[in-house]
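Each chain, letter by letter, is given below.
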Amino acid sequence: DLKASSRVTNSELFTLTYGALVTQLCKDYENDEEVNKQLDKMGYNIGVRLIEDFLAQTADVIAKVAFKMYLGITPSVTNWSPAGDEFSLMLENNPLVDFVELPDNHSTLIYSNLLCGVLRGALEMVQMAVDVRFVQDTLRGDSVTEIRMKFIKRIEENLPAGDE
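Quick caveat, the model's predicted, so the values are computed rather than measured.

Caption draft 1: The side chain of glutamate 86, seen in detail. Assignment of secondary structure puts glutamate 86 in strand β2 (residues 86–91). Among the polar contacts made by the side chain of glutamate 86, one reaches the side chain of arginine 148 at a distance of 3.2 Å. For glutamate 86, the residues in contact, after removing those within four places along its chain, are Asn79, Trp80, Ser81, Arg133, Arg148, Met149 and Lys150.

Caption draft 2: Quick look at the sheet that holds strand β3 (residues 128–136). Reading across from one edge, β1-β2-β4-β3 is the order of the four strands in this open sheet, with antiparallel pairing throughout. In this open sheet, the two edge strands, each paired with only one partner strand, are β1 (76–78) and β3. Between one strand axis and the next, the sheet turns by 25° as a mean value, whatever way the strands run. In this sheet, β2 lies alongside β1 in antiparallel orientation, the contact comprising three bridges. Paired with valine 77 across the bridge in β2 is leucine 89. Sheet strands touched by helix α3 (residues 114–124): β2, β3 and β4 (145–154). Its angle to β3, the strand with the most contacts, is close to 165°.

Caption draft 3: Highlighting unusual backbone geometry. Phi at asparagine 79 is positive, roughly 55°, even though this residue is not glycine. If you trace the backbone, asparagine 79 turns up in the loop between β1 and β2. Looking at asparagine 79, the relative accessible area reads 44%, which means it is partly exposed.

Caption draft 4: A look at a nonpolar patch on the surface. A cluster of nonpolar side chains, namely Val61, Val65, Met69 and Tyr70, defines an oily patch on the protein surface of about 460 Å² accessible area. Position of tyrosine 70 relative to the elements: it lies in helix α2 (residues 32–71). The exposed category is assigned to tyrosine 70, whose relative accessible area is 67%.

Caption draft 5: Summary view of the confidence of the model for the protein. Averaged over every residue, the pLDDT of the protein is 79; the share at 70 or more is 84%. The least confident element of the protein is helix α1 (residues 2–28), whose mean pLDDT is 74; the most confident is β2, at 91.

Caption draft 6: Geometry of α3. Burial in α3 covers these residues: Leu115, Cys116, Leu119 and Leu123. One side of α3 holds all its buried residues, which, seen down the axis, span an arc of 105°. In this structure, α3 carries Leu114 and Val118 as exposed residues pointing more than 90 degrees from its buried face.

Here is what the cut-offs are and how they apply
- Residues numbered from 1 in each chain as written.
- Predicted model: local features only at pLDDT ≥ 70, side-chain atom pairs only at ≥ 80, totals over all residues.
- Heavy atoms only, no water.
- Helix = DSSP H or I, 4+ residues; strand = E, 2+ residues; numbered from the N terminus.
- Polar contact = N/O pair within 3.5 Å; in protein donor to acceptor, adjacent residues only side chain to side chain.
- Contact = heavy atoms within 4.5 Å.
- Pairing = 2+ DSSP bridges.
- Axes fitted to C-alpha atoms, helices over the stretch in contact; angles between N-to-C directions.
- Buried < 20%, exposed > 50% of the residue type's maximum accessible area, 1.4 Å probe, protein only.
- Patch = residues over 30% accessible without salt bridge, like charges linked within 9 Å, V, L, I, M, F, W, Y side chains within 5 Å.
- Areas by Shrake-Rupley, 256 points an atom, 1.4 Å probe, with all protein chains shown as cover.
- Salt bridge = Lys/Arg side-chain N within 4 Å of Asp/Glu carboxyl O.
- pLDDT = per-residue confidence, 0-100.
- Arc of directions from axis to C-beta.

This is the structure we're talking about:
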């Protein structure tokens, strides 16, 4: 299988280059504590990058699986921020607003705001705090419905004292 052999090759390449990296750091720094700090710093930067990749995959899963499963639609994932921590879900049609017209006395009602809560709640379950809001809404006369999502932070699980 090409995919499996590619993973093995990538893993071997990483192992070899990592050994060379550690060797070079040992030559560049006077003691192991400094080398450990540098390795930790590099690992942290990789971890930050992994979360950005995870968020991108999460956006696709939300769009292609969750919306399709529950609403029968597949929004497009667009308008990524340069930092990769924010994107839009564009809904060409929103089944929640079929047959709905907002009365004048509810002009500030965000009729489909339930969707924002669903997205925020689902992502909190995988330790991701996000800001979710409607930017455009066909119910208000816009040509599309746009939900904007911004990654805020990873949620640290706080265990009660004694449960560590």
